[in-house]
Structure formats: structure tokens, C-alpha cells
2 protein chains.
Amino acid sequence: MASTVEGGDTALLPEFPRGPLDAYRARASFSWKELALFTEGEDMLRFKKTIFSALENDPLFARSPGADLSLEKYRELNFLRCRRIFEYDFLSVEDMFKSPLKVLTLIQCLGMYDSSLAAKYLIHSLVFGSAIYSSGSERHLTYIQKIFRMEIFGCFALTELSHGSNTKAIRTTAHYDPATEEFIIHSPDFEAAKFWVGNMGKTATHAVVFAKLYVPGDQCHGLHPFIVQIRDPKTLLPMPGVMVGDIGKKLGQNGLDNGFAMFHKVRVPRQSLLNRMGDVTPEGTYVSSFKDVRQHFGATLGSLSWSRVSIVSLAILNLKLAVAIALRFSATRRQFGPTEEEEIPVLEYPMQQWRLLPYLAAIYALDHFSKSLFLDLMELQQGLASGDRSARQAELGREIHALASASKPLASWTTQQGIQECREACGGHGYLAMNRLGVLRDDNDPNCTYEGDNNILLQQTSNYLLGLLAHQVQDGACFRSPLKSVDFLDAYPGILDQKFEVSSVADCLDSAVALAAYKWLVCYLLRETYQKLNQEKRSGSSDFEARNKCQVSHGRPLALAFVELTVVQRFHEHVHQPCVPPSLRAVLGRLSALYALWSLSRHAALLYRAERRRSCPGRRDRSS
Amino acid sequence: MASTVEGGDTALLPEFPRGPLDAYRARASFSWKELALFTEGEDMLRFKKTIFSALENDPLFARSPGADLSLEKYRELNFLRCRRIFEYDFLSVEDMFKSPLKVLTLIQCLGMYDSSLAAKYLIHSLVFGSAIYSSGSERHLTYIQKIFRMEIFGCFALTELSHGSNTKAIRTTAHYDPATEEFIIHSPDFEAAKFWVGNMGKTATHAVVFAKLYVPGDQCHGLHPFIVQIRDPKTLLPMPGVMVGDIGKKLGQNGLDNGFAMFHKVRVPRQSLLNRMGDVTPEGTYVSSFKDVRQHFGATLGSLSWSRVSIVSLAILNLKLAVAIALRFSATRRQFGPTEEEEIPVLEYPMQQWRLLPYLAAIYALDHFSKSLFLDLMELQQGLASGDRSARQAELGREIHALASASKPLASWTTQQGIQECREACGGHGYLAMNRLGVLRDDNDPNCTYEGDNNILLQQTSNYLLGLLAHQVQDGACFRSPLKSVDFLDAYPGILDQKFEVSSVADCLDSAVALAAYKWLVCYLLRETYQKLNQEKRSGSSDFEARNKCQVSHGRPLALAFVELTVVQRFHEHVHQPCVPPSLRAVLGRLSALYALWSLSRHAALLYRAERRRSCPGRRDRSS
């Protein structure tokens, strides 16, 4: 029997237990249940309740507060929990396709319970699974069934000890031997060991291994994915020729067994090649269905975005948990007051509000963005699956890649800084392990690093924008993208001439004001970056040098401002839809304005400097 | 036999082992040995070598990389190591007085080995010890001997579960009973339990307990320190009426046993009162040698500064370790390059330099500041010990309090952000526990919190400056302080009229330029804060409300800019002394300029806004 939204204990959204927060809750200007329904939708709330109820009632998921869990035990427990999630079968493969947001919701629920569990599940079912699904062909479908029955357990082995970001420099090799119709997977030395691979440390039986493909005559066809068995599923002992192990304790996510592997001339059948992009005939001839390198590259970019878009969502849920802890603490902790006798909750201090409330707003804006980007990515994926090789599909791949490459840094850094602020805002109590802020911070931290270091990823986004401007300048092309995130740039000379005058504080409390300023800022930064880049090149810098010289002062703020603008824009539109319940409009509008103004304020120095240059066009700061 | 500075293995500063860093080291423009000698002095280098050699050769200090040490074991090991430090007797009580900087050096060496060890040693010997020494009298000297023989083990119990920052609201009581000549120490409820007390969890036998002193007739004389035995030194079992225990796992510093204690009518002899500030006669009459509350308060402030000044130093050593790790990694890690074949060390990227090098400069500037402030504090302490009750002594107490209250936040935040940047700048490898960046970050974190939340402490400093300005405005007083950190404010109207024009980038590379801008900024912020505060009061705000309303936008940046100015000023003077070896002048000058400009650049928006207001004096930003 489905539970009702309102009502008793079995309600979808039961009342909070009575307690010291009642006074603040009673003062709310809106119904939190209405807000939850609007934000999540009843269907998703029900799905979450199903998951959380199952975990709450299962002793395997019981927490042992204060227990000093060893690394070994924690990893074992996390594996058992991951297996149990598959047994619960919350989401069938069919449901995944029908309601893709549920995939994200499931991952989020697992992440709210424990990041290590979400990561373990995600790597096996989505990263490993979708690598096979999207890079393989019919002959690999049998693996997909085995994944969901957990007959095999998977990992994704791209990074090597000495190469993470620069995937072109990956050095594992796969030589084809026509005599036996096998590939020989080999790690030339320990620097080429696969490293950091989640699930590889203890539990994975199979890996998608990226290696340089060589056909007879020593001709290299670049990086390709192979499915390689690394352990015996019964004993978990390594397969012959495979040296595999755990890389040890990390700062966080210690339930996840990150591992390394070296391959000593390991032979795998020809069919192990995941052959969507290219294949090798039994005789040893390389064949590829992609004629166009750019098209091939666009298709690859799309698949890289999956993890990044998931990370946006996983980061934000850590921030949700941290901000909830810190705000509740602040509403009950009393310290000092107008008189010596009367102490007030620390939440009443403007300082505490300034520290915490912008992160509350950031959660709403970024959470909405992550869902919308996830749906955009689904569109891209469906195009890929249906064999769409149109220019629009390639452009969509590039646009999503640009947005994912900047929103992953934005979300992971906002969360990193937000959790740290929450930790400090809770004083000593925030430093006690049982209050969870440390675990959240440590578990969020790799979001800044994996799938590309944040600072390096931002370069992808600034390069995308610079490429569009070059196209416009050189070929007179319009700024147009499938998701319209860059369309406003078409009017950039006009936008740069605009001046903003607001006549009262109240006027600023509409996110449209910050939005206009953001558009101006992105246009300004894009033009400045373009000019600076060309100036560097004219001074004799190579393209590589010129980009490196421009990134700190220009490319980086450009990429961040662009993605912040997109987040603000999407949330602004979302909260100004006609379907927003009237009783929620005020609070959502305030959240939108607060996030927009707070984000914009971090660019204040740039805005002032730009204004100064405009008012004295002959004079340029010496620093530039 | 004393070792030589240069030379073989036994040298004071032996050569680095050959390795991949050689190439960079060979390119240095200065001799690192010369820099070390200038920065530390030969005497201190020898002292450090003595300590590190002892630890290196003692199996008790051997690390077990990868070992999964339980909380219990780690706490036990840390206690054994702390005891061993006393056995080594690196520094006698006499040496401490003769060469006070050696105290700081010893703490730093222990901190470089393990923050928990430094904290445990510091709390017992300095915090507990100096509380007895400076708050007690002749009758308590016997405790000092017992401390250094480790016959007792101590802790400092001020904070309660519900009150940290607001010490006036501490609720533990000490009622005097003339019938037995005893005080009755009592915790009214669990919210008044002593909490967070370092060493109290497992190992302390005695505590300095702060409680409200009541004499017969229920007259309260405010907070006073008492020495209370909490455990039997032989069995470590709690004393009757004392409920004491460990508060559990923290985000870091887990070798330190933080604890809680509740007292149920625990009787202690009258002599347990540390009676420097006030005493109770056997009959129950309260007597105090301090007539003047302000004088009493000034004396107390001085003793509060000890821990804060130590924290500045402890924070910076964490940053030293982190930056050394990150820079060495960056010099050897190669990723991407001008061509596909040639990869370059990541340190060559302007982005990586921009991320890391300012923190290297910050280490030198803040380390110098922390030593100089420590020596200032010694001067204050000597005045206290010699019974100096002059106005200068009181002013010195206030000035040091203001500097310590802002430099603790500056150093702990700079370190917090710096370690995080180092962690991220090392990519995935920075996330591996064995690379130590996580431990450094976690162990540094409480520096932002204990001895006062950073944001709250900054208010002490802004209040100090506002008080001086009020004194000047109302009484025509000069800005003068014993350490001269505020003397420049005397010329503040003139400074505010100055304009800065630098004609080349090279001109900025003298820290004098940033220093002048900083002076302008502090004058500007002080005037603005003062005006805003008065405006709030005129609009009907109470003093409490007005200060809270001004702190985020005015008081906080004022306090930070003031302490940054002082740090920059002291380092600027230090590196421009005539005694600086000529071969080091260039590198020290660059470090000074880099730290100054980098710090100043974080106030860029404020500087632009202020300039704009000056050029359009009639127009004020709506935001103000």
C-alpha cells in the first residue's frame, strides 16, 4: 500500500521528531514538504524511501559509532554491502533506461549512506558496465548479465602510476599475435603499472584495461580498451601473469579498495578487444568504422562525461549532509548574547549566516544543475546508441564535455570549501569524528582529483570557448550550441557595452541582475583571454606555452565564470517557471539570488578592474 | 665533538642524497645551507639535530608505514613517546629561561614528527605547567618538579561541553567550606562537564580546573583555577567523585587523548586554589591583590596568548612539511609537454607555480613572525614574573593579545588552505595516506578552532584597533603601542590621501610597495569600520548588535589586513637588515615581495572599491 505524503509514521514525508529545532521550524515561511515535493517529485521521494527503509532495516547496514574498524574489515564490509544492494535489485536494467534519473538517485542514496559504497557500486555497474556496453559489441553482452548477477566484479583500468591526466602517454601495450588469435597485454615497467583503480585492490575479477594496440609489423593504433580477467572469481587469486594488489590507505573512501596491476605478457582472446571504435581481424588487420578523427574524438568525449557528471552529484550530496549538520547545530548551540544572562543560538549571528547560508543556496542551484546535465547526457548517450553521427550530436558531445569539465571542479570545490566551513562553524564539536564532517570532507576530496585534476579540467572548458570565438572571428560563425549555453555570446559586443545600475538592495534580490552581470563578465573574460592568447603567440610563444601562460589569469576564471553562469541561468529559469507553487516562489527566488550574488562576488575584483579599464580605456593595469 | 656545518655525514647540514631533484637543486641561485644558517642560526640547527638524531635512533619512534594503528594503541604509543622525551631531557627548566626560543624549537621538532606528540608534551609541560607557575604561588612549586619528573601528568580544564568561546558562562562551581578548609568542586549537569580537555581522556592525573569560586554567603568571585587530582597515578583509576573519560575519535591528532570530566562534590584542600589573582582565607574571606579589574584582565590576556602564539608556530610547521612534499613531487612528476614525446615536470607549469610558490613565501614570512612574537611574549612574561604593573606592561599585554588573536587565524587558515592546495597539486598521489598530506591537514585543522574560533578571535583584534581610534577621536590620544605595530596609524589622514603609481612590474618586486598599500588599506578599513559602527549605533543598535552587524564586512577584513601588514612589515625589515648575507638578499627579497603581493591581492576588490569611492566621493556603493 502506497503511503501518503502527509500523515502518520508511514507517510512519505513523516513529521520530524519534536526537539530543540521546533522553534526555528515553526518560523519557516514555507512548507518543507511542499519544497521537497517540488524539488524531488513524488516518484523520486518514494524511490528514496524504498532504498532508505531497506538499509535502515538491514543489520548489514547498521553503523557502529565509535568502532575502530580496520582497513581490511571496512573493505570487506563495503563489498558485502555492495553485493546486498544488487540483491535488493532496487533498479532493474530496464528501469535504468526508462527512468535514468533513478540511477542518479540510487547512487546518491548510497553516497548519503557511505561514499565508499556508492563508489564501489558505481565503478562496477556503471563505469565498468557502461564501458563494456558503449565500447563493446554484441559479443560482449554476456558480460552485462554477469555484472548484474555479480558473477564477475569489475573495474576500469586507465590511469598508470606515472600517467593520470595525460592519457596519451599511457604505456601498457597490447600486441596482437595472429598465430594464436590473442592479444598480449604487457606492462613495460612499474611506472606503467595500472594504479588507483577502484575495486582492483581486493575484489575485482575483471578489468577494462586500456592499452596501446599494436598489430603485426609493430604498427600502433593508439589506446584501446580490452576486457581482461585479473582474478579467479572463486578464490580471488590473481590470474597467471597478473600482479595485482591494494595501494593502501587513503585520506578517505577507505571502504573502496583502490589497486594496482602489472601484466606480464598476459594472453587474452582476440574477442577481448572492446571493438566499437576499432577492431582487428583474425589475420591481424586493424579496421575502424570511424573515418573522421574529430568525430571519433567527439564520441569519446561523451563517454568521459559520465563520471564527471556523476561526481557533480556525489559532491553536492556531501555538501547537503554537511550543511544540514552545521545548520542544525547552529540553531541549537547558544554562545554569548546581548546580556551576560541571555545567550542566543549561534545561527542568529550575521557571521554564522554569512558562513553557512550561501552553501545552502549552492546546494539547491548545483543539485538542479547536476540533474539537468545528467538528462542532457542521456540525450547524448541515446544518440550514440542509435548510431547518430550528425554534426549536432558531435556538437552536443563537445558542449556537454565543456560543461562537465567545469562543473566537476565547481561542485567539488564548492563542497570542499563548504564542508570545511561547516566543520569550523561547529567549533570543537565539528572536529569530533562522530559528527561526520571529517568523513564527508575526506570522502569528497578525491572529487577534486579523479576524472581529471580540477585545474586541468577547467582548461578543457576555456579551450572550448576560445575555439568557438576563433571560429566566429575567422569564419564568421555564429555562437550556437545544442543546449544553448553559449548562444548569448553572439551578442557579445553589445553586452560589453552594457552598464548596470541598480537603484536599491531589493533590486539585487532577483537573480536576473546577477545573471546579466555574469553574461557581461563571461564576454569580457572571453575577449581578454583571446587577446592575451594571441598576444602571447605574436610574442613568439608556441601554442602550448601561450595557453599555459594564459591559464591562471584568464582561462581559469573564464571557465569558472562560464559554468557558474550556466548554473545560475538554469536555476533561475527553474524557479521562475509558471509551475512553481506560489507559496514556494519567494524562498526559491531568494535561494537563486543568494547563490548568484555570492558566486558573482568572488569575481568582484575582476568586475571593478574591468570597469576601471572601460572608464579609462587608454590606461591599462601594469599587471596585465 | 661538535660537527661542522659543511662536510661529510656527521656535518650539521649534510648534503642531500643524490636523486631526481639534483637538477633543480643545481639551478638554485643561492646556497641552501647559507639560507638555513641565516634563518635558524647555528645554535638552533645544532639543537634540532640533537633532537632528530635521538628520535631517529630510538625504536620507540620508528614509523610503521601502512600499519593500521588502533586508537587505543596510538594513544598508548604517544604517551610512551611523550615520557621518553622527558627522559631525553633535551631542555632543562633553566635552559628554557635562558634560551626561550629553544622551547619553541623543541615543540616544532616534536610537531614535525607527530602533532599529537607535540600537543601532548605542550599541554603537560607548558599549558598545565605554566598555568600553575603563573597562576599559583610558592605553595604550588612542588608541582613543577613533579611535572618535569613526570610523577604527575597534567591537563588544563577550562572548556565545558556547552561553553567554549564564552568562558564567562562556565558553570562548574567551587564552594568554600570553612569547616574543613576545603573547596567543593561540582558540575551542576552534563552540559557543564569539562570537555575537549587534551590529556584528560586516558593519561592525566591532575587537572587545572576552572570553576566559579563561591565563599560562604553564596558570594561568587568569578572564574578561578584549581589544581584537582583526577586519577590515581599508579592505577590511573578515577578519584572518588570524578567521572572522567575519553571523548572518542577526532578528525586528527588521534594520538592525543581528549577527555571529559564531571565532578560530583569533589573536596580539595584550600591550598588547591591557584592564588596569584585571588585567595580565600581559612575563615572564608576572599582577598585579591588586584584592585583594578582592567589591570587584572590585562594580566590574564597575556597568559591566554601563550597557546595562540604556539599555534602560529605549530600551524606553520605543518605547512612547511606539506609544501616540501608538494614541491619535491612537482619537480619530479612529469605530465604533458610541448610535444607528445617530451614531458616536462609539472613544476614548470605557471599554474603549478601559482598554486604552490606563494605558500613557500608564506612559510618564511609567518615563521619569522611567529618567532618574533614569541620573543615579545617572553618580554611580557618576564614583566609579569617581576611584578611589573606599569601601564606599558598592560599595553604590551593588550597589543600582544591583539596580534596573537589575529595571527593564529592567519597562520592556521593559510596552512589549512595551503595543505589542501598541496594535496590537490599532487593529484591522486596526494590522496594516498602514506604521502602524509592528509595527516598534516587533519592534524592542523583544530588550530582553526581551539584557543578560540578563528572568526571570533579576529573580533578581539578589530575591537583593539577600534578602541585605539575611539581613544584618539575622543581624547586626542596618539596611536602608540609598545611594539609599534599601530604607530603608523597616527598619520592616517595623510596616508589615506596617498596615491600609488608604480611604473613597472619590477617596481612591485620590492615588498615596500605592498607595505605602503597595506598601510593605506588598514587606515581605510579602520575608518570605514568605525563609521559603520557608529552609524549602526545611531540607528538604534545596541553595542552587541552593532558589532555583530559590522564584523563580516568590516571588522574581519580589518583584523586580517592589520595582522598581514604586521607580518609583512616584520619580514620586510628582517630581510633588509644590513646583516643579511649579500648572496641571500635577492632570494629573501623575492620571498618577501611574493608573500606581500599575494596576500594583498586577496584584498583587490576592496582596493578597487575604495579607489572608486575616492574618485567619486559623492557616490557610494549601494551595498554599504
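These figures come from a predicted structure and were not determined experimentally.

Visitor: Help me out: how do you make sense of the UniProt feature "domain: Acyl-CoA oxidase/dehydrogenase middle" (unreviewed entry) in chain A in this one?
Guide: Under the feature "domain: Acyl-CoA oxidase/dehydrogenase middle" (unreviewed entry), the UniProt entry names residues 155–264 of chain A. Strand forms 45% of residues 155–264 of chain A and helix 0%; the C-alpha atoms that close the span are 19 Å apart.

Visitor: Would you take a moment to explain the side chain of D442(B) for this structure?
Guide: Looking at the element boundaries, D442(B) is found in helix α12 (residues 437–444). Looking at D442(B), the relative accessible area reads 11%, which means it is buried. One polar contact links D442(B) to R441(A), side chain to side chain, over a distance of 2.6 Å. When sequence neighbours within four positions are dropped, the list of residues in contact with D442(B) reads Y431(A), R441(A), D442(A), L251(B) and G252(B).

Visitor: Whenever I open this one, the pattern of salt bridges confuses me. Can you help?
Guide: Opposite charge on two side chains permits pairing when their charged atoms draw close. For the coordinates displayed, the defined rule picks out 73 salt bridges over all chains. Among the ionic pairs, D177(A) bridges to R267(A), the shortest N-O distance being 3.1 Å. On the criterion of sequence distance, the pair formed by D177(A) in strand β2 (residues 173–177) and R267(A) in strand β9 (residues 266–269) is long-range, its members being 90 residues apart. What makes D177(A) buried here is its relative accessible area of 17%. You can call R267(A) partly exposed: its relative accessible area is 41%. Salt bridges linked by common partners bring R423(A), R441(A), D442(A), D445(A), R423(B), R441(B), D442(B) and D445(B) together as one network.

Visitor: What should I look at first to understand the packing of aromatic side chains in this one?
Guide: The relative placement of two aromatic rings is captured by the distance of their centres and the angle of their planes. With the rule as written, the count across this model stands at 36 aromatic pairs over all chains. Seen from their ring centres, F79(A) and F153(A) are 5.3 Å apart, and the 85° between their planes marks the pair as edge-to-face. Highlighted residues: F79(A) in helix α4 (residues 71–88) and F153(A) in the loop between α8 (141–148) and β1 (154–157), separated in sequence by 74 residues. Measuring from centroid to centroid gives 5.9 Å for F544(A) and Y349(B), while their planes differ by 75°, and the two rings are edge-to-face.

Visitor: Just to check I follow, could you spell out the domain arrangement of chain A for this structure?
Guide: Reports of interface size often rely on the accessible area that becomes lost once the parts have come together. Residue and element names in this part refer to chain A. The domain architecture assigned to chain A consists of domain 1 (34–136), domain 2 (153–287), domain 3 (298–452) and domain 4 (475–614). One C-alpha centre belongs to domain 1, the other to domain 2, and the line joining them spans 27 Å. Counting residues at the interface gives 21 residues for domain 1, matched by 25 residues for domain 2. Between domain 1 and domain 2, a total of about 1,900 Å² is buried, with carbon and sulfur atoms accounting for 65% of that surface. For R75, the salt bridge identified is with D246, shortest N-O distance 2.5 Å. Remark: the boundary between domain 1 and domain 2 carries 14 residue pairs in polar contact (both at pLDDT 80 or more). Sorting the residues of the side of domain 1 that touches domain 2 by element identifies α4 and α7 (115–135) as the ones contributing at least two each. For the side of domain 1 that touches domain 2, the per-class residue count stands at 11 nonpolar, 7 polar and 3 charged.

Visitor: Would you take a moment to explain the environment of H221(B) for this structure?
Guide: All names here are of chain B. Here H221 is to be found in strand β6 (residues 219–229). Here the alpha-carbon distance between H221 and Y286, two residues 65 residues apart in the chain, equals 7.9 Å. Once residues lying within four places of it in the same chain are set aside, the contact partners of H221 are L213, V215 and Y286.

Visitor: I tried to follow the relation of the copies chain A and chain B on my own but got confused; where do I start?
Guide: Mapping between the two copies of the chain is achieved by a rotation about an axis and a shift along the axis. Between chain A and chain B, the superposition needs a rotation of 180° and an axial shift of 0.0 Å, giving an RMSD of 0.0 Å. Overall, the copies show the geometry of a two-fold rotation axis. Considering only C-alpha atoms, the residue of chain A closest to the rotation axis is A605(A), which sits at 2.0 Å. A shared binding surface is used by both copies, with 100% of the interface residues of chain A retained as interface residues in chain B.

Visitor: What exactly am I supposed to notice about the interface of chain A and chain B here?
Guide: The interface is formed by 77 residues belonging to chain A together with 77 residues belonging to chain B. Each partner contributes to the roughly 6,500 Å² buried at the junction of chain A and chain B, and carbon and sulfur atoms together form 56% of this total. The largest contributions to the chain A side of the interface with chain B come from L251(A), Y431(A) and Y608(A), which together make up 12% of the buried area. The interface formed by chain A and chain B contains 10 salt bridges. Summed over the shared surface of chain A and chain B, the number is 36 residue pairs in polar contact (both at pLDDT 80 or more). Counting only elements with at least two residues in the side of chain A that touches chain B, the list comes to β4 (194–198), α10 (350–385), α11 (391–425), α12 (427–431), α13 (437–444), α18 (543–575) and α20 (604–615) of chain A. Of the residues belonging to the side of chain A that touches chain B, the class tally is 28 nonpolar, 23 polar and 26 charged.

Visitor: Is there a simple way to think about the packing of α11(A) against helix α14 (residues 454–475) of chain A in this case?
Guide: A pair of packed helices can be characterised by two numbers: the angle between their axes and the separation between those axes. Residues and elements named next belong to chain A. As a packed pair, α11 and α14 sit with axes 8 Å apart at the nearest point and diverge in direction by 145°. When you trace α11 past α14, the crossing you get is left-handed. Across the interface between the two elements, R398, E399, H401, A402, S405, A406, K408, P409, S412 and W413 of α11 pack against N454, N455, L457, L458, Q460, T461 and Y464 of α14. Looking at the contact of α11 with α14, its residues break down into 7 nonpolar, 7 polar and 3 charged.

Thresholds applied
- Counting restarts for each chain: residues are numbered from 1 in the order of the written sequence.
- The order in which chains are written sets their letters, starting at A; the order in which ligands are written sets their numbers, starting at 1.
- Restriction of local features to residues with pLDDT of at least 70 applies here, the model being predicted, together with a cutoff of 80 or more for giving and counting side-chain atom pairs; totals for whole chains, interfaces and linings are based on all residues.
- Side-chain measures were taken over the full set of non-hydrogen atoms in the model, leaving aside hydrogen atoms and water.
- UniProt positions are given in the numbering used here, feature names are shortened, and annotations may be inferred rather than shown by experiment.
- Here a helix means four or more residues in a row that DSSP labels H or I, a strand means two or more in a row labelled E, and each is numbered from the N terminus.
- Think of it in three bands: with a 1.4 Å probe and only protein chains considered, a residue is buried below 20% of the maximum accessible area for its type, exposed above 50%, and partly exposed in between.
- Pairs of N or O atoms are called polar contacts if they sit within 3.5 Å, as long as, within protein, a hydrogen donor faces a hydrogen acceptor (for residues adjacent in sequence, only side-chain-to-side-chain pairs).
- The contact criterion used throughout is that any non-hydrogen atoms of two residues lie within 4.5 Å.
- Within this document, salt bridges are pairs made up of a side-chain nitrogen of Lys or Arg and a carboxyl oxygen of Asp or Glu, the two lying within 4 Å of each other.
- Each Phe, Tyr or Trp ring, with Trp reduced to its six-membered ring, pairs with another whose centre is within 6.5 Å; inter-plane angles below 30 degrees give stacked pairs, above 60 give edge-to-face pairs, and intermediate values give tilted ones.
- Just so you know, the domain bounds were taken from an automatic or database domain assignment.
- The term buried area denotes the loss of accessible surface (1.4 Å probe radius) that occurs when two parts are joined, taken as the sum for both partners.
- Residues are grouped as follows: nonpolar covers Ala, Val, Leu, Ile, Met, Phe, Trp, Tyr, Cys and Pro; charged covers Asp, Glu, Lys and Arg; every other residue, Gly included, is treated as polar.
- To superpose the copies, least squares is applied to the C-alpha atoms of every residue with a pLDDT of at least 70 in both.
- Axis definition: a line fit to C-alpha positions, over the contact stretch in the case of helices; interaxial angles, taken between N-to-C directions, run 0 to 180 degrees.
- Take the far helix as your reference; a near helix turned counterclockwise from it by less than a right angle gives a left-handed crossing, and one turned clockwise gives a right-handed crossing.

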